[in-house]
Amino acid sequence: MAEKKISKKTLAKSFRNWYYGHLTCFSQEHMQTFGYLCSMLPIIRELYDTPEEQQEALQTYTAFFNTEPQLGTVIVGVTAGLEEAKANGEAIDGEMINGIRAGLMGPVAGIGDSLVVGTLIPILLGIALGLSGGGSPLGAIFYIVVWNLVVTLGMRFLYYKGYELGGKAVEIIVGEKANAIREAVVMLGTIVIGAVAASWINITTSFKMLNADGGTIIDLQSTLDGICPKLLSAATVILCWWLMSKKKISPTIVMLILVVIAFVGVLLGFFDPGLSY
Amino acid sequence: MEISLLQAIIFGLFACLSSMPGMGGTTIGNYTLGRPLVAGLVVGLIMGDVKTGIIIGAAIQVVYIALVTPGGTVSADVRAISYIGIPLAMVAIKGLGLDPASTEGTGMAVALGSAVGTLGTVLFYGTATINLVWQHIGWRAVEKGKFDQLYAVDMVLPWISHFICSFLPTVIITMMGSDMVDIIKNYLPMDGIAMKTLFTVGSLLPAVGVGILLKQVASKPTDLLTFFFGFVLAALMGVNLIGAAVIGGFFAVILYNIRMLQYKTAHVSASDGTVYDDDDEEDI
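Residues numbered from 1 in each chain as written. Chains lettered and ligands numbered in written order. Predicted model: local features only at pLDDT ≥ 70, side-chain atom pairs only at ≥ 80, totals over all residues.

*Asks:* Help me understand the overall build of chain B in this model?
*Replies:* Of regular secondary structure, chain B possesses 15 helices and zero strands. Here the C-alpha radius of gyration of chain B, 24 Å, is well above what a compact globule of 284 residues would show, namely 19 Å. For chain B, the C-alpha atoms occupy an extent of roughly 80 × 65 × 30 Å along the three principal directions. A burial count over chain B gives 52% of its 284 residues as buried. In chain B, the share of contacts with a sequence separation of at least 24, taken over all contacts with a separation of at least 6, comes to 69%. (Helix = DSSP H or I, 4+ residues; strand = E, 2+ residues; numbered from the N terminus. Rg over C-alpha atoms; globule rule 2.2 N^0.38 Å. Buried ≥ 20, exposed ≤ 12 C-beta atoms within 10 Å, placed from the backbone. Contact = placed C-beta atoms within 7 Å.)

Structure representation (structure tokens):
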């Protein structure tokens, strides 16, 4: 029996189906399952001849699947490689493929969320915001081009690398080198976010203490600026972090708490935008 | 400023493409068109005022700079923020005669955008629920061996969910935008408590977005030092964001080298003086 090999065209189609369709048919019950099925279908059709074999192979991928879709491309690539090995009669069965898939989707989601959504996007958006001063479209264009380029090439790389290495690809994403890179990138992201906070959050107080003649004794804002510019902005960020991280309060509730703070602050004269029609 | 039917329909289409789970795929849809900064450009182009669109989009973007959706739970809906919130904010700011670049203008935009975004999570759960129907069709197709139907289930039928949960709400709500601004003008004076609170909330909300991000990278107070390093760079030393990215990159390289050295020494002590090459470690 000649060794079966997935053609380039089929691999490209499988990648395309994942790249576009991984989350289009999302439900709380089966999040990325159908995206995964559509991605594996061309491969299964090429590797297995009879409808019965195809159906049996496809059955492997009907199990629940959900991960971070960009980094998760590597898992799709890995299973493509494993499926090819299975079709060639190696000692791999559907259950084993599913075990690898289920075992990887959790860690990859965690790494992907912190690396892609928590670091790469904020860095790119941070730089883009810096380019948007005065309403310039440059920042938005920068983000559109750089994000799509980096992520499309990155996903393509992960898919083919995963296919090539099969099960060994696991080491690339959970190895020591990857760990060091992740820590370094997260650090870069945190520094940029600090700069974003200082540049884009603008919380000021209008609180003033006046003497009998209407002269100012204490102008709280200029006092605070003397200590450290943007002190109130930093304090509010830390308050939000503390509420969410230490008190485990959800972001929506934190927003409501800020509404209350704003309301009380306005009543006390601490906040006053000072505006009229 | 009025939003025409045609403009509302274009917003509706972008809402279908940009949501999570959207018809543009996550890379182009959710993570590109769904970002408020990009939406600011799109909405600005459609409304004929790119400058205002970008200013509003950028202000709202800070709140949602790290919108993570762990395990498919969402705290805010990007299609609502971007293609309902931004058009409404534009209409409101123009209608109330505010300067978009002022603190009040961005405060108004942020407060409105965030309110719409939080309410919009309804649309997310609506879309996901209707998709259950298509998935049911998909399971029957797998059973009967009609595999081609899977493509329709994954990529075509969800458009119906989006017509109901993205397109229609966007068109209807944005069309009503200018009426809403008149109501605000008549019933809520600018120097009243309600509007003052609204603007203040708008200035406070970006702190939540940054807080969400910090929560992921900082678990103890000393972890916040890295954040304050970046904060001080911009607030006290006047470094802009590109400058901060370069300085951050420099420190990231140093950290990477330190970590790699640590791993190496760990291996040396663990294996009695035998030094492994990096590439070999990867193959273990």
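Anyway, onward from the coordinates.
*Asks:* What's the story with the overall build of chain A in this structure? I'm lost.
*Replies:* A tally of regular secondary structure across chain A gives 11 helices and two strands. Taken from the N to the C terminus, the helices and strands of chain A come in the order α-α-α-α-α-α-α-α-β-β-α-α-α. Here the C-alpha radius of gyration of chain A, 26 Å, is well above what a compact globule of 277 residues would show, namely 19 Å. Dimensions of chain A, computed from the C-alpha atoms along their principal axes, are close to 100 × 40 × 35 Å. For chain A, buried positions account for 47% of its 277 residues. By sequence separation, contacts in chain A at least 24 residues apart represent 68% of the contacts at least 6 residues apart.

*Asks:* Can you walk me through the interface of chain A and chain B in this structure?
*Replies:* Accessible area lost on assembly of the parts is the figure often given for the size of an interface. The interface is formed by 106 residues belonging to chain A together with 103 residues belonging to chain B. Taken together, the elements giving at least two residues each to the side of chain A that touches chain B come down to α1 (8-21), α2 (33-47), α3 (51-59), α5 (94-131), α6 (138-165), α8 (176-200), α10 (231-245) and α11 (251-268) of chain A. Counting residues per element, the side of chain A that touches chain B draws most heavily on α8 of chain A, which supplies 21 residues. Here the residues of the side of chain A that touches chain B are counted per class, giving 65 nonpolar, 33 polar and eight charged. (Nonpolar A, V, L, I, M, F, W, Y, C, P; charged D, E, K, R; others polar.)

*Asks:* Hey, could you run me through the environment of A198 of chain A in this one?
*Replies:* Position of A198 of chain A relative to the elements: it lies in helix α8. Considering only alpha carbons, one finds A198 of chain A and A87 of chain A, 111 residues apart in sequence, at a separation of 56 Å.

*Asks:* Looking at this model, I keep getting lost on the domain arrangement of chain B. Mind explaining?
*Replies:* Splitting chain B by domain gives domain 1 (5-216) and domain 2 (219-283). Taken over C-alpha atoms, the centre of domain 1 of chain B sits 36 Å from the centre of domain 2 of chain B. (Domains from an automatic or database assignment.)

*Asks:* Which parts of the structure should I look at to understand the packing of α2 of chain A against α3 of chain A?
*Replies:* For any two helices packed against each other, one specifies the inter-axial angle together with the distance between the axes. All names here are of chain A. Following both chains from N to C, one finds α2 and α3 inclined at 145°, their axes separated by 10 Å at the closest point. For the element pair α2 and α3, the recorded crossing hand is right-handed. Contacts between α2 and α3 pair L37, M40, L41, I44 and R45 from the former with Q54, A57 and L58 from the latter. For the contact of α2 with α3, the residue count by class is six nonpolar, one polar and one charged. (Axes fitted to C-alpha atoms, helices over the stretch in contact; angles between N-to-C directions. Left-handed = near helix turned anticlockwise from the far one by under 90°.)

*Asks:* Sorry if this is basic, but what is going on with the nonpolar core here?
*Replies:* Membership of the largest hydrophobic core comes to 163 residues, with the highest contact counts inside it found for V192, A195 and V196 of chain A together with A89, M108 and L205 of chain B. Sort the elements by how many residues they give to this core and α5 of chain A lands first, with 15 residues. Residue contacts for V192 of chain A: discarding those within four places in its chain leaves P122, I123 and G126 of chain A together with G230, L241, A244, A245 and G248 of chain B. (Core = buried A, V, L, I, M, F, W, Y, C linked by C-beta atoms within 7 Å.)

*Asks:* Please explain the environment of N88 of chain A as it appears in this structure.
*Replies:* Locating N88 of chain A in the fold gives a position in the loop between α4 (73-87) and α5. A C-alpha to C-alpha distance of 8.7 Å links N88 of chain A and K5 of chain A, two positions 83 residues apart in sequence.

*Asks:* What is the right way to read the domain arrangement of chain A from this model?
*Replies:* Under the domain assignment, chain A is made up of domain 1 (8-196) and domain 2 (201-268). Centre-to-centre separation of domain 1 of chain A and domain 2 of chain A, based on C-alpha positions: 42 Å.

*Asks:* What should I look at first to understand the confidence of the model for chain B in this one?
*Replies:* Reading predicted coordinates in detail is not appropriate for stretches of low pLDDT. All names here are of chain B. Counting all residues, the mean pLDDT for chain B is 85, and 92% of those residues have values of 70 or more. Highest mean pLDDT in chain B belongs to helix α3 (residues 36-47) (96); lowest belongs to helix α15 (residues 278-283) (45). Note on residues 273-284: pLDDT under 50 across the span, and 11 contacts to partners over four residues away in sequence or across chains. The ipTM for the predicted assembly is 0.82, set against a pTM of 0.82. (pLDDT = per-residue confidence, 0-100.)

*Asks:* How should unusual backbone geometry be read in this particular structure?
*Replies:* All names here are of chain A. In this model, K230 sits at a positive phi of 65°, which is unusual for a non-glycine residue. Tracing the chain through its elements places K230 in the loop between α9 (220-227) and α10. Assessed through the 22 C-beta atoms surrounding it within 10 Å, K230 is described here as buried. Phi is positive for K248, which is not a glycine, with a value near 55°. Tracing the backbone shows K248 in the loop between α10 and α11.

*Asks:* It is not clear to me how α10 of chain A should be interpreted in this structure. Could you clarify?
*Replies:* Along an α-helix, residues three or four apart share an orientation, since each turn contains 3.6 residues. Between its terminal C-alpha atoms α10 of chain A stretches 21 Å, which fits the 21 Å expected from 15 residues at 1.5 Å a residue. Residues L232, S233, A234, T236, V237, C240, W241, L243 and M244 of chain A constitute the buried set of α10 of chain A. Elements that come into contact with the buried residues of α10 of chain A comprise α8, α9 and α11 of chain A together with α11 (193-204), α12 (206-217) and α13 (224-235) of chain B. (Expected span 1.5 Å × (residues − 1).)

*Asks:* Please clarify how the environment of K9 of chain A should be interpreted in this entry.
*Replies:* Residue and element names in this part refer to chain A. For K9, the location among the structural elements is in helix α1. On the basis of neighbour counts, which here come to 10 C-beta atoms within 10 Å, the residue K9 falls in the exposed class. Between the C-alpha atoms of K9 and P42, which are 33 residues apart in sequence, the distance is 9.6 Å.

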